[in-house]
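The chain contents come next:
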Amino acid sequence: MDASDLEPELDVQSLRVLKAIADRGSLTAAAEALGFSQPAVSQQLKRLERRIKLPVVERIGRTVRLTEAGRILARHAPAVTTALDAAAEELAEFRGLRAGRVRLIGFPSASPTVVPRMLADLADRHPGLAVTYVEAEPPEAVDAVRDDRADIALTFSYPGDRNDPHDPSAHGLSVRSIGGDDLLAILARDHPAARGTGIDLSDLAGESWIAGCPRCRGHLLEVCDRAGFTPRIAFETDNVAAVEGLVAQGIGVALLPRMAVDSFPLLPGIVAKPLPTADGRTIHLVTARGADRVPSVKATIDAIIRAVHP
């Protein structure tokens, strides 16, 4: 049997089923994820096996796993389904992009800043385009694109990040840097280091620090290490309002990205002092390779870039 014999026997639904089994580990979980009944999934697999004359699943006790043939098809599934989605949506482009759905996942401080601007932009330019959105930190967002649970991930990385989710965990995906986000020191207004336009972090060596998400905490440790000290972290919270409240009460100091500060008005009695640009974070868009050929995905990417650079 050569490749030409197999070409007409494969269908996108079978590939989606195999990918779901590979991701979820069982027929029941795969059926749930796809919105099918388990018998329907079983019938789909039987039809596929009859067509290609090879088994794609094998039973191990009460569970199933993919055979080598099944794993081969599951491995190619994302590329094939993305290409077919691109073909279908390129046809929709001739109808003025009046339909389409894009699944976006992004980091929390993008939710009140970039995402509303992007949604308003799309509503104006492409009112028929629907976008769903969920929050996740970069590692989970990158995984969501890889697992076909999201079409676009809006993520960030810090310079020198030892656990950068974009390398090597984004292997096989497209990662595009679309801008930067300054890092700001958040201080009580009457703090001696609040005078002037910039700040020397070494002046804060003796302070209690308020740390944020794990990635931000890691970068705080690295930035302070370069300034010659290890920060004494007394509090940890991802809540920007809580960080500002603690600083306003003189309980500690903090570092926050500008996008996080923009998401919540500075409380009275605190100030934000910029650190060197090199200490800031980089904003990325992560997609499957070739996904920007899908018109709805490309339109959303363009709108996100405009929202990052208003």
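Please refer to the structure higher up on the page.
Each value, and the rule that gives it
Residues numbered from 1 in each chain as written. Predicted model: local features only at pLDDT ≥ 70, side-chain atom pairs only at ≥ 80, totals over all residues. Heavy atoms only, no water. Helix = DSSP H or I, 4+ residues; strand = E, 2+ residues; numbered from the N terminus. Expected span 1.5 Å × (residues − 1). Buried < 20%, exposed > 50% of the residue type's maximum accessible area, 1.4 Å probe, protein only. Arc of directions from axis to C-beta. Contact = heavy atoms within 4.5 Å. Polar contact = N/O pair within 3.5 Å; in protein donor to acceptor, adjacent residues only side chain to side chain. Salt bridge = Lys/Arg side-chain N within 4 Å of Asp/Glu carboxyl O. Phe/Tyr/Trp six-rings, centres within 6.5 Å; stacked < 30°, edge-to-face > 60°. Patch = residues over 30% accessible without salt bridge, like charges linked within 9 Å, V, L, I, M, F, W, Y side chains within 5 Å. Areas by Shrake-Rupley, 256 points an atom, 1.4 Å probe, with all protein chains shown as cover. Lys, Arg positive; Asp, Glu negative; His and termini not counted. Charge placed at Lys NZ, Arg CZ, Asp CG, Glu CD. Pairing = 2+ DSSP bridges. Axes fitted to C-alpha atoms, helices over the stretch in contact; angles between N-to-C directions. Disulfide = S-S within 2.5 Å. Core = buried A, V, L, I, M, F, W, Y, C linked by side-chain atoms within 4.5 Å.

1. Some words on helix H6 (residues 114-125)
The periodicity of an α-helix, 3.6 residues per turn, causes residues three or four places apart in sequence to face the same way. With 12 residues, H6 should cover 16 Å at 1.5 Å per step; its first-to-last C-alpha distance of 17 Å lies within 8% of that length. Along H6, the positions that sit buried rather than exposed are Val-114, Val-115, Met-118, Asp-121 and Leu-122. With its buried residues spanning 125° around the axis, H6 presents them on a single face. Within H6, the exposed residues directed more than 90 degrees away from the buried face are Ala-123 and Asp-124. Of the surrounding elements, those touching the buried residues of H6 are strand S3 (101-106), strand S4 (130-135), strand S5 (152-157), helix H10 (258-262) and helix H11 (295-308).

2. A closer look at the side chain of Asp-181
Looking at the element boundaries, Asp-181 is found in strand S6 (residues 173-181). Residue Asp-181 is classed as buried on the basis of its relative accessible area, which comes to 7%. For Asp-181, the side chain forms a polar contact with the main-chain nitrogen of Arg-258, separated by 3.5 Å.

3. Quick word on the pattern of salt bridges
By the definition in use, this model includes 18 salt bridges. Of the charged contacts in the structure, one is a salt bridge between Lys-19 and Asp-23, with a shortest N-O distance of 2.7 Å. One end of the pair, Lys-19, and the other, Asp-23, are both in helix H2 (residues 12-24), 4 residues apart, so they sit about a helical turn from each other. What makes Lys-19 buried here is its relative accessible area of 13%.

4. A short note on unusual backbone geometry
Backbone phi values are negative for most residues with the exception of glycine, while trans is the configuration of most peptide bonds. The phi dihedral of Lys-53 is positive, around 60°, even though this residue is not glycine. Positive phi, close to 60°, is recorded for Asp-148, a residue that is not glycine.

5. Notes on the packing of aromatic side chains
Applying the stated criterion to the full structure yields 3 aromatic pairs. Centroid distance Phe-107 to Phe-156: 5.1 Å. Interplanar angle 85°. Geometry classified as edge-to-face. Placement of Phe-107 in the loop between S3 and H6 and of Phe-156 in strand S5 is noted, with a sequence separation of 49 residues between them. Per residue, the accessibility class of Phe-107 equals that of Phe-156, and both read buried. With a centroid separation of 5.7 Å and an interplanar angle of 75°, the aromatic rings of Phe-156 and Tyr-158 are classed as edge-to-face. Judged by relative accessible area, which is 6%, Tyr-158 ranks as buried. One aromatic cluster in this structure is built from Phe-107, Phe-156 and Tyr-158.

6. Topic: the environment of Ile-105
Looking at where Ile-105 falls in the secondary structure, it is placed in strand S3. The class for Ile-105 is buried, based on a relative accessible area of 6%.

7. Concerning a positive patch on the surface
Residues Lys-46, Arg-47, Arg-50 and Arg-59 make up a contiguous surface patch of positive charge. Per-element accounting of the positive patch gives the leading share, 3 residues, to helix H4 (residues 38-52). Residue position: Arg-50 is located in helix H4.

8. Thoughts on the side chain of Thr-113
With respect to the secondary-structure elements, Thr-113 resides in the loop between S3 and H6. We classify Thr-113 as buried; its relative accessible area is 7%. Within polar-contact distance, the side chain of Thr-113 engages the backbone oxygen of Ser-109 at 2.7 Å. When neighbours within four sequence positions are excluded, Thr-113 is seen to be in contact with Met-259, Asp-262 and Ser-263.

9. Observations concerning the sheet that holds S5
Taken in spatial order, the 5 strands of this open sheet run S4-S3-S5-S12-S6, and their pairing is mixed. At either end of the open sheet lies a strand with only one pairing partner, and these are S4 and S6. Taken pair by pair, the neighbouring strands of this sheet meet at an average axis angle of 25°, ignoring direction. As judged from the 8 bridges shared by S6 and strand S12 (residues 281-288), these two strands associate in the antiparallel manner. Counted as the bridge partner of Asp-181 is Arg-281 from S12. The sheet contacts of H6 involve S3, S4 and S5, and relative to S4 the element is tilted by about 175°.

10. Re the state of the cysteines
The final tally for this structure, using the stated rule, is 0 disulfides. Here Cys-224 stays free of any disulfide, with the sulfur of Cys-216 as its closest cysteine sulfur at 13 Å.

11. Concerning the nonpolar core
Residues Leu-154, Trp-209, Leu-255 and Ile-304 are the most contacted members of the largest nonpolar core, which totals 47 residues. No other element matches H11, which puts 7 residues into this core. Setting aside chain neighbours within four positions, we find Ile-304 in contact with Leu-104, Val-114, Met-118, Ile-152, Leu-154, Ile-178 and Leu-285. Judged by nonpolar contacts, the second largest core, of 19 residues, contains Ile-21, Leu-48, Val-57 and Leu-66.

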